[in-house]
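Structural description and commentary
Read off the chains here:
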Amino acid sequence: MVRRRQSICRRLWSFGDVASLVCCRDSVRTICPQNICSLRAHMEGKYYSEEAEVDLRDPGRDYELYKYTCQELQRLMAEIQDLKSRGGKDVAVEIEDRRIQSCVHFMTLKKLNRLAHIRLKKGRDQTHEAKQKVDAYHLQLQNLLYEVMHLQKEITKCLEFKSKHEEIDLVSLEEFYKEAPPDISKAEVTMGDPHQQTLARLDWELEQRKRLAEKYRECLSNKEKILKEIEVKKEYLSSLQPRLNSIMQASLPVQEYLFMPFDQAHKQYETARHLPPPLYVLFVQATAYGQACDKTLSVAIEGSVDEAKALFKPPEDSQDDESDSDAEEEQTTKRRRPTLGVQLDDKRKEMLKRHPLSVMLDLKCKDDSVLHLTFYYLMNLNIMTVKAKVTTATELITPISAGDLLSPDSVLSCLYPGDHGKKTPNPANQYQFDKVGILTLRDYVLDLGHPYLWVQKLGGLHFPKEQPQHTVIADHSLSASHMETTMKLLKTRVQSRLALHKQFASLEHGIVPVTSDCQYLFPAKVVSRLVKWVTIAHEDYMELHFTKDIVEAGLAGDTNLYYMALVERGTAKLQAAVVLNPGYSSIPPIFQLCLNWKGEKTNSNDDNIRAMESEVNVCYKELCGPRPSHQLLTNQLQRLCVLLDVYLETESHDDSVEGPKEFPQEKMCLRLFRGPSRMKPFKYNHPQGFFSHR
Amino acid sequence: MEVFQTLQRLHMTIFSQSVSPCGKFLAAGNNYGQIAVFSLSAALSSEAKEESKKPVVTFQAHDGPVYSMVSTDRHLLSAGDGEVKAWLWAEILKKGCKELWRRQPPYRTSLEVPEINALLLVPKENSLILAGGDCQLHAMDLETGAFTRALRGHTDYIHCLALRERSPEVLSGGEDGAVRLWDLRTAKEVQTIEVYKHEECSRPHNGRWIGCLATDSDWMVCGGGPALTLWHLRSSTPTTIFPMRAPQKHVTFYQDLILSAGQGRCVNQWQLSGELKAQVPGSSPGLLSLSLNQQPAAPECKVGPARGCGDPGRPVACG
């Protein structure tokens with residue numbers, strides 16, 4: 001406000017300064033209102049006479065006087081000029097006269113000027129004063145207005161002021177009155193007075209909050225405590241882990257003792273994750289079968305896990321390898337053939353490569369002999385192969401004729417009829433073989449193992465016949481359905497082979513080992529003796545003259561084992577050529593006979609020899625003995641001896657020849673000959689002990 | 001299983017056969033007691049395939065081997081272990097055929113059931129003669145099924161029978177080496193020829209058994225252990241001895257020839273003078289029976305050899 005007044009003053013001063021300067025030359029002009037008062041005082045001191053006159057004279061009349069004076073001056077000036085122009089002597093006096101008049105006029109003008117100026121000044125002063133008053137009032141107004149505004153603002157501010165207490169959600173009134181203790185709620189006071197009510201409520205709120213804050217602190221401290229406890233326990237647990245490990249280690253001997261190898265099983269499952277799918281299927285199914293049905297089966301995984309992991313490198317690596325080998329190939333084609341062959345060899349090796357992991361199954365049989373089967377997976381060919389080995393509880397002395405019985409190459413041959421395991425079961429492999437010049441897998445089976453069909457089925461691989469399919473995936477259900485049958489067949493196979501092994505040892509010494517529970521099939525006295533038991537080769541069997549029927553009927557394949565037995569009595573020698581099918585003893589051995597006694601008699605020229613063969617080959621079911629019918633072969637041989645006895649003893653005596661019969665009849669027979677073909681009585685009846693015809 | 005079936009087939013022996021009255025079918029009986037019926041027209045036709053040589057129908061007829069079979073104009077009679085059964089030819093071709101009747105002659109011994117080795121039809125009397133293991137000939141009336149006579153005389157079992165139409169007499173040859181002639185009306189033995197006693201034909205190393213007989217009223221040819229010989233019946237003298245080393249199991253007169261078959265692959269055709277006219281080879285190593293297809297519809301004479309290997313050989317046409 002003070003400033004505004006100052007500025008107003010300044011403005012007054014700037015407009016009116018010229019006139020004021022002219023009027024009051026020697027007055028000192030100041031700017032403050034106090035100075036205007038002092039100026040006035042100064043004015044009162046030095047006072048122009050005109051100032052008093054100004055109030056008395058009429059400005060209008062002064063204006064008229066001014067105009068008159070100016071006219072007179074103009075006239076005089078014109079007269080002077082006239083006079084001057086006329087020239088003459090009296091002119092100067094007239095001119096002087098006129099000059100004096102004009103000076104008087106000038107004086108009047110000057111006075112008028114002063115009057116005007118003073119009027120002006122007065123007017124200005126008055127205006128100035130009025131203006132100042134107005135300004136003052138204006139300023140006051142402004143100030144007041146400003147204050148009003150300010151106050152209004154403050155009022156609105158105050159009105160708008162939200163006290164923090166309104167932000168607090170207070171409990172509802174009912175609740176408040178219910179819960180708050182009476183010294184806070186003060187119902188009688190607060191009911192009527194909203195201010196007091198709010199205060200009370202705030203009090204209650206505060207109270208509550210204090211309590212809750214208290215609780216909160218307590219809870220915090222609890223939490224701290226519990227956290228500390230947790231820490232302690234965690235440490236305890238983490239210290240437990242190494243101790244548990246050491247306990248596991250220590251418990252391994254106990255596990256073995258109790259036959260519960262959990263640790264081992266766990267490790268196996270870890271390794272199993274790296275198996276290729278068919279081996280994995282086999283592993284899972286075999287383990288499941290072993291646990292559920294057959295405790296004598298044990299499954300293990302062999303091989304290097306690291307190598308298996310290394311196989312799963314990203315494909316760019318293998319492509320690099322290919323391009324490298326291509327580059328090599330380009331280089332080596334310039335060289336000579338040997339390297340080409342080596343290269344082909346490498347390609348072959350690559351094609352026949354095995355997965356580094358293999359699954360080993362151990363089948364334990366009743367007599368403590370074990371069949372070890374190792375299953376491999378050929379990755380590029382997508383087939384599985386197996387290698388077999390039989391170990392016995394006691395060391396076996398292998399009789400010469402039993403050489404092939406347990407050989408790893410042939411012990412599993414034809415487990416299922418026709419499954420000889422020399423050809424790859426995957427038809428797609430033929431195309432692969434053509435590329436690298438492999439004729440058949442047969443050449444490599446000794447090294448790689450046999451790709452039997454049942455092995456593929458155990459691994460869940462099912463190859464449709466004669467139609468190549470690119471992706472054959474391993475299927476659990478196929479494996480499961482075949483597992484039980486195959487395991488049983490495997491066990492039967494091993495046991496029958498071992499039984500044969502033992503029997504052969506005895507046969508080579510000329511003793512036909514007939515067990516006591518099969519004795520009833522034969523008479524007490526058997527005179528013919530087995531003198532020889534040897535293996536013969538397949539080709540030799542085909543060459544024999546009395547085996548033509550069997551060969552023509554297609555029963556003498558190259559998967560069978562062939563033997564020659566010689567039974568003698570006196571001068572009679574009976575040769576028996578035996579075909580042993582790998583499926584013994586469900587498939588009976590086949591005998592073909594040739595008797596050398598008074599000429600050579602075979603089934604083509606003697607019906608009785610044919611009958612003897614029939615007794616042994618066709619009626620084999622009687623000779624099976626108790627299950628699992630391992631006695632079939634030995635019973636057949638014993639029956640052969642009995643048949644020879646009967647044949648020789650019942651031969652009708654030739655009247656023309658002198659001397660007694662070489663073989664007196666000791667057997668009890670009802671009739672010697674029967675039927676149009678004059679059959680001898682070959683059928684032995686137990687327990688009566690006589691021979692009759694069928 | 002396959003191996004077993006193959007072995008069975010390899011050891012099968014067909015003992016008897018009979019041609020159907022119409023001449024189109026051949027029934028064969030084997031040692032397992034089965035009878036198989038073959039269609040001759042299909043098997044011998046020019047377009048015959050492997051399938052047409054297999055039996056049209058096979059059924060189990062007896063428990064034991066079927067040693068002999070004979071056909072009447074409507075029935076097939078088969079005999080084996082102790083019984084004779086009759087089948088209707090018209091029914092036989094249908095599956096599940098059942099026997100019409102079965103009869104067992106009265107045997108003396110009960111220890112063992114004797115086999116019936118030979119059946120003979122006597123058309124005039126409408127009776128059937130059976131002979132076999134119990135050394136007797138039994139005559140059975142086909143109308144009533146009753147056993148009328150039993151002719152005893154043989155000391156060992158009887159192999160074969162033949163009918164001498166004119167008299168009528170029955171000839172029987174047996175294991176005891178004798179051929180006996182029986183009069184049917186008087187039921188008595190009329191004549192006995194002990195073949196082995198005659199030095200020309202006896203072959204002791206083979207034995208004395210008579211395996212086959214055939215008669216032509218005046219003449220008789222018999223063979224077996226002794227050599228195949230042609231006899232004049234009235235004088236009981238051997239006239240021609242056929243030079244066949246192997247014992248013959250079946251012999252028959254045919255037109256002016258004698259056909260014989262036995263050990264060895266061939267059917268031998270002999271002139272009455274003793275010369276071998278022809279030898280027709282068969283497929284099996286030994287032959288047990290021959291049968292002649294007399295029907296005019298079949299112009300060739302069909303002779304069926306029988307033994308082993310599952311197929312009764314290929315019926316051999318010889319004319």
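Quick look at the structure, then. A quick note: this is a predicted structure, and the numbers were derived from the prediction, not measured.

1. Examining the overall build of chain B
Helix and strand counts for chain B stand at three helices and 26 strands. Buried residues in chain B amount to 59% of all 319 residues. Expressed as a percentage of contacts within chain B between residues at least 6 apart in sequence, the contacts between residues at least 24 apart total 43%. Surface summary for chain B: the accessible area is close to 13800 Å², and the carbon and sulfur share equals 48%.

2. Quick word on the overall build of chain A
Counting its secondary structure elements, chain A contains 23 helices and 11 strands. Within chain A, buried positions represent 40% of all 694 residues. If you take every contact in chain A between residues at least 6 apart in sequence, the share linking residues at least 24 apart comes to 65%. Total accessible area on chain A stands at roughly 41600 Å², and carbon and sulfur atoms take up 56% of it.

3. Considering the pattern of salt bridges
As enumerated under the stated definition, the model contains 30 salt bridges over all chains in all. A salt bridge links R674(A) to E115(B); its shortest N-O distance comes to 3.3 Å. In this pair, R674(A) sits in the loop between α23 (632–649) and β10 (683–684) while E115(B) sits in the loop between β8 (101–103) and β9 (116–122), so the two residues belong to two different chains. Like R674(A), the residue E115(B) is buried in the burial classification. Residue R164(B) is joined to E169(B) by a salt bridge in which the shortest nitrogen-to-oxygen separation is 2.9 Å. What you see here is one network of salt bridges that share partners, running through E72(A), R75(A), E79(A) and R98(A).

4. Concerning the packing of aromatic side chains
Residue and element names in this part refer to chain A. Going through the model one piece at a time under the given rule, you end up with 12 aromatic pairs over all chains. Taking the centre distance of 5.3 Å and the plane angle of 55° together, the rings of Y684 and F691 count as tilted. Of the two residues, Y684 and F691, both sit in the buried class. Against the face of Y376 rests R354, its NZ or CZ located 3.8 Å from the ring centre.

5. Comments concerning the sheet that holds strand β11 (residues 136–141) of chain B
Residues and elements named next belong to chain B. Read from one edge of the open sheet, four strands run β9-β10-β11-β12, paired in antiparallel fashion. Each edge of the open sheet carries a strand with a single partner, namely β9 and β12 (147–152). Sheet twist, expressed as the mean angle between neighbouring strand axes with direction ignored, is 20°. Looking at chain direction, β9 and strand β10 (residues 127–132) are connected through six bridges and run antiparallel. Across the sheet, the residue bridging to L119 is L130, located in β10.

6. A short note on a nonpolar patch on the surface
All names here are of chain A. A grouping of L151, I155 and L159 is seen on the molecular surface, where their side chains present a nonpolar patch of about 330 Å² in accessible area. Tracing the chain through its elements places L159 in helix α5 (residues 90–160). On the basis of relative accessible area, L159 is assigned to the exposed category, the value being 68%.

7. Observations concerning the environment of P687(A)
Residues and elements named next belong to chain A. Here P687 lies in the loop between β10 and β11 (691–692). Among the residues examined, P687 registers a relative accessible area of 64% and is labelled exposed. A sequence separation of 164 residues divides P687 from P523, and the C-alpha atoms of the two residues are 8.9 Å apart.

8. Some words on the side chain of Q503(A)
You can see Q503(A) is positioned in helix α19 (residues 476–508). In contact with Q503(A), other than residues within four places in its own chain, are P513(A), Y584(A), H630(A), Q631(A), L633(A) and T634(A).

9. A word on α19(A)
Residue and element names in this part refer to chain A. Here α19 is 33 residues long and its end C-alpha atoms lie 46 Å apart, about the 48 Å a rise of 1.5 Å per residue gives. Along its length, α19 shows its largest kink, about 40°, at M483. Directly beyond the C-terminal end of α19, a positive phi value near 85° is found at G510.

10. Some thoughts on the sheet that holds strand β5 (residues 68–71) of chain B
Residue and element names in this part refer to chain B. Pairing is antiparallel across the open sheet formed by four strands, whose spatial order is β5-β6-β7-β8. Looking at strand neighbours, the two that pair on one side only are β5 and β8, the edges of this open sheet. Along the sheet, successive strands turn relative to each other by an average axial angle of 20°, direction set aside. As judged from the four bridges shared by β5 and strand β6 (residues 75–79), these two strands associate in the antiparallel manner.

11. A closer look at the packing of helix α10 (residues 194–258) of chain A against helix α11 (residues 262–272) of chain A
Residues and elements named next belong to chain A. The geometry of α10 relative to α11 is characterised by a closest axis approach of 8 Å and an angle of 110° between their N-to-C directions. The orientation of α10 with respect to α11, classified from their angle, is roughly perpendicular. Residues M248, L252 and Q255 of α10 pack against F262, D263 and Q264 of α11. A class-by-class count of the residues in the contact of α10 with α11 yields three nonpolar, two polar and one charged.

12. With respect to the interface of chain B and chain A
Listed as interface residues are 36 residues of chain B and, on the opposing side, 33 residues of chain A. Of the roughly 2900 Å² buried between chain B and chain A on both sides combined, carbon and sulfur atoms contribute 55%. In this assembly, chain B and chain A are joined by five salt bridges. Viewed at the interface, chain A and chain B are joined by 12 residue pairs in polar contact (both at pLDDT 80 or more). No other element matches the six residues that helix α1 (residues 2–10) of chain B contributes to the side of chain B that touches chain A. Among the residues making up the side of chain B that touches chain A, the classes are represented as 18 nonpolar, 11 polar and seven charged.

13. Focus: the side chain of R674(A)
The buried category is assigned to R674(A), whose relative accessible area is 4%. Here the side chain of R674(A) touches E115(B) through a polar contact of 3.3 Å, side chain to side chain.

14. Considering unusual backbone geometry
All names here are of chain B. Despite not being glycine, C135 has its phi angle at roughly 65°, a positive value. Relative to the helices and strands, C135 resides in the loop between β10 and β11. Looking at C135, the relative accessible area reads 17%, which means it is buried. Phi is positive for A187, close to 60°, though the residue is something other than glycine.

15. Brief notes about the environment of M360(A)
Residue and element names in this part refer to chain A. Along the chain, M360 falls in strand β2 (residues 357–364). Using a relative accessible area of 18% as the deciding quantity, one classes M360 as buried. Distance in space between the C-alpha atoms of M360 and Y376 is 9.0 Å, their sequence separation being 16 residues.

16. Let's talk about the pairing of strand β7 (residues 84–88) of chain B
All names here are of chain B. Counting buried residues along β7, five of its five residues qualify, which places the element largely inside the surrounding structure. Burial along β7 is two-sided: V84, A86 and L88 facing one way and K85 and W87 facing the other are all buried. Counting the residues that bridge the hairpin from β6 to β7 gives four residues, and of these G82 lies at a positive phi of roughly 85°. Note that β7 and β8 share three bridges and pair antiparallel. If you follow A86 over to β8, its bridge partner there is W101.

Scoring rules and cut-offs
Residues numbered from 1 in each chain as written. Chains lettered and ligands numbered in written order. Predicted model: local features only at pLDDT ≥ 70, side-chain atom pairs only at ≥ 80, totals over all residues. Heavy atoms only, no water. Helix = DSSP H or I, 4+ residues; strand = E, 2+ residues; numbered from the N terminus. Buried < 20%, exposed > 50% of the residue type's maximum accessible area, 1.4 Å probe, protein only. Contact = heavy atoms within 4.5 Å. Areas by Shrake-Rupley, 256 points an atom, 1.4 Å probe, with all protein chains shown as cover. Salt bridge = Lys/Arg side-chain N within 4 Å of Asp/Glu carboxyl O. Phe/Tyr/Trp six-rings, centres within 6.5 Å; stacked < 30°, edge-to-face > 60°. Lys NZ or Arg CZ within 6 Å of the ring centre and 35° of its normal. Pairing = 2+ DSSP bridges. Axes fitted to C-alpha atoms, helices over the stretch in contact; angles between N-to-C directions. Patch = residues over 30% accessible without salt bridge, like charges linked within 9 Å, V, L, I, M, F, W, Y side chains within 5 Å. Expected span 1.5 Å × (residues − 1). Bend = angle between axes of the 7 residues up to and from the residue. Parallel < 35°, antiparallel > 145°, perpendicular 65-115°, else oblique. Nonpolar A, V, L, I, M, F, W, Y, C, P; charged D, E, K, R; others polar. Buried area = accessible area lost by both parts, 1.4 Å probe. Polar contact = N/O pair within 3.5 Å; in protein donor to acceptor, adjacent residues only side chain to side chain.

Distances and angles like these do not, on their own, reveal function.
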